[in-house]
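Notes for the structure review
The chain contents come next:
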2 protein chains.
Amino acid sequence: MAIKERKEREKQEMRNLVIESATQLFLKQGYDKTSIRSIADDIEYSPATIYLYFKDKDEIFYVIHENAFDILDKHLRQHDGIADPFERLRAIGRTYIKFGLENPDYYDLMFIMRAPMEQIKNEEKWKAGECAFGYLLTTLSECLEQKRIRPADLHVTAIMVWSFVHGLVSLYVRERMCILMLPDDTTREVLYSSFDLFMANLKM
Amino acid sequence: MAIKERKEREKQEMRNLVIESATQLFLKQGYDKTSIRSIADDIEYSPATIYLYFKDKDEIFYVIHENAFDILDKHLRQHDGIADPFERLRAIGRTYIKFGLENPDYYDLMFIMRAPMEQIKNEEKWKAGECAFGYLLTTLSECLEQKRIRPADLHVTAIMVWSFVHGLVSLYVRERMCILMLPDDTTREVLYSSFDLFMANLKM
DNA sequence: TGAATATAATAAACACTGTTTAGTAAATGC
DNA sequence: GCATTTACTAAACAGTGTTTATTATATTCA
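Residues numbered from 1 in each chain as written. Chains lettered and ligands numbered in written order. Predicted model: local features only at pLDDT ≥ 70, side-chain atom pairs only at ≥ 80, totals over all residues. Heavy atoms only, no water.

All names here are of chain A. Examined at the domain level, chain A breaks down into domain 1 (1-54) and domain 2 (57-202). One C-alpha centre belongs to domain 1, the other to domain 2; they are set 30 Å apart. The interface is formed by 15 residues belonging to domain 1 together with 13 residues belonging to domain 2. Summing the contributions of domain 1 and of domain 2, the shared interface buries around 1300 Å²; its carbon and sulfur component is 74%. Considering only the surface of domain 1 that becomes buried against domain 2, I19, F26 and Y31 emerge as the three largest contributors, covering 46% of it. Linking domain 1 with domain 2 are one salt bridge. A salt bridge links R15 to E59; the shortest N-O distance between them is 3.3 Å. (Domains from an automatic or database assignment. Contact = heavy atoms within 4.5 Å. Buried area = accessible area lost by both parts, 1.4 Å probe. Salt bridge = Lys/Arg side-chain N within 4 Å of Asp/Glu carboxyl O.)

Right under this line is the structure:
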């Protein structure tokens, strides 16, 4: 009986349709302005239909949140070829910052907004987060082994590195870097200089 | 004619009444659940009355945002007496983190939420932010003068320090530290250890 | 094939939100 | 004492996420 399979496929296609529309609207107008009604309008279905495929708005944005991690992951893995773990760490860090500055809405959803994390509480774990953090852990582990960075606890070091780059990006994304009273491109230069300084301090 | 003065005083008292109620509700239930109607209910006035004293919801939370900076400022100034600028910086940093962990809603409003920054765009500058950042700048300036930290550009160093502590607190406040899969008190210990490591790397 | 059942979609409603408007009652000015 | 200004609010407006009752379509089975 292939009907059940077709139904399942159609269900998945409808979910994709919603996600594609939601992602497009989200990146164009932000989270708040991406209402269930605006998605419904866009895909030419009634708002109630969306609730046949998603539990609530959070579930939609949880999927977008997961997709965003896939995109970031692809960016970060570009540097897998760099043999020196410290230089690899530097490349990963710069790419992380670049991703945040160039995709502020995605970054917001991944690391700042509360909405997607509500979903994770009900599910098992923050799989996407663990994947990205695991990548940082292995890179830092190599750095420590080869004595390229100052010796310290692996997790403490990882939290230090992640917190720093997250701080840079999130202060920028949430418009607190205005205290510098500099034009946008100069502000960005300060951010990257700050990252360089951080890496210099980390180096052994 | 003292009537005008009395009226002005009454106007200010009404504003204070709204702010006090809003602050209390905000710290108890968070931003989203603190609606204009819930404030109006609490102070036993109609919702429309609030709009006679405040332009919109953002203006109310901008005042709370400013008050929160006064509170943080008082905490930070406690360490004015520490002669050694590096040790003063360490004390300021720990107090900043402690403030964030113990007052997550205030911290959110001050450094994460978009709402209060909308107000700042229409006004002149982010006065409260500049005051706090200025305090960091003068402390770091002393550290550099006395060669207690590695030589670098003052503003680049300040952004590095602020971004790091902000990253620590904001990842915690927005529940991303769950990747550590540790109980809450252990997570906090990791944060403080991370801060110690950062300071050790900064030291000359 | 035709009646019974299951699925898919929706219109309308519910309970909220921030904000505005029109109208009322009280305080003030002359 | 009367006209005017001020203080306040009920009701409405335009949204929001979400649920319910109903209809139309598709599938199953006799």
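More follows now that the structure is in view.
Once that is clear, we can look at the interface of chain A and chain B. Each side of the interface is counted separately: chain A has 49 residues, and chain B has 49 residues. With both chains or domains summed, chain A and chain B bury close to 4200 Å², and 66% of this area falls on carbon and sulfur atoms. Where chain A meets chain B, there are four salt bridges. R114(B) is the partner of D108(A) in a salt bridge, and the nearest nitrogen-oxygen pair spans 3.1 Å. Applying the counting criterion to the chain A and chain B interface returns 19 residue pairs in polar contact (both at pLDDT 80 or more). Secondary-structure elements contributing two or more residues to the side of chain A that touches chain B are helix 6 (104-112), helix 7 (115-122), helix 8 (127-145), helix 9 (154-173) and helix 10 (184-202) of chain A. In the side of chain A that touches chain B, the residues fall into 29 nonpolar, 10 polar and 10 charged. (Polar contact = N/O pair within 3.5 Å; in protein donor to acceptor, adjacent residues only side chain to side chain. Helix = DSSP H or I, 4+ residues; strand = E, 2+ residues; numbered from the N terminus. Nonpolar A, V, L, I, M, F, W, Y, C, P; charged D, E, K, R; others polar.)

Within the structure, DNA strand C sits among 19 residues, and T49(A), Y53(A), R6(B), R37(B) and Y51(B) are positioned closest to it. What you see for DNA strand C is that sugar and phosphate hold 56% of its atoms within 4 Å of the protein. Note that a phosphate oxygen of DNA strand C is positioned 2.9 Å from one of the backbone N or O atoms of S46(A). Measuring from a base nitrogen of DNA strand C, one finds a side-chain N or O atom of R37(B) at 2.6 Å. Contributions of two or more residues to the surface near DNA strand C are made by helix 3 (47-50) of chain A together with helix 1 (2-29) and helix 2 (36-43) of chain B. For the surface near DNA strand C, the per-class residue count stands at eight nonpolar, four polar and seven charged. (Near = heavy atom within 4 Å.)

To continue, consider a negative patch on the surface. Residues and elements named next belong to chain A. Residues E66, D70, E123 and E124 make up a contiguous surface patch of negative charge. Structurally, the position occupied by E66 is in helix 4 (residues 57-77). Overall, E66 belongs to the partly exposed group, its relative accessible area being 31%. (Patch = residues over 30% accessible without salt bridge, like charges linked within 9 Å, V, L, I, M, F, W, Y side chains within 5 Å. Areas by Shrake-Rupley, 256 points an atom, 1.4 Å probe, with all protein chains shown as cover. Lys, Arg positive; Asp, Glu negative; His and termini not counted. Charge placed at Lys NZ, Arg CZ, Asp CG, Glu CD. Buried < 20%, exposed > 50% of the residue type's maximum accessible area, 1.4 Å probe, protein only.)

Another aspect to go through is the packing of helix 9 (residues 154-173) of chain B against helix 10 (residues 184-202) of chain B. Residues and elements named next belong to chain B. Axis separation between helix 9 and helix 10 bottoms out at 11 Å; the angle between their running directions is 170°. What the angle tells us is that helix 9 and helix 10 run roughly antiparallel. Residue-level inspection shows T157, M160, V161, F164, V165, L168 and Y172 of helix 9 in contact with helix 10, the latter providing D184, T187, R188, L191, S194, F195, F198 and L202. Residues that form the contact of helix 9 with helix 10 fall into these classes: 10 nonpolar, three polar and two charged. (Axes fitted to C-alpha atoms, helices over the stretch in contact; angles between N-to-C directions. Parallel < 35°, antiparallel > 145°, perpendicular 65-115°, else oblique.)

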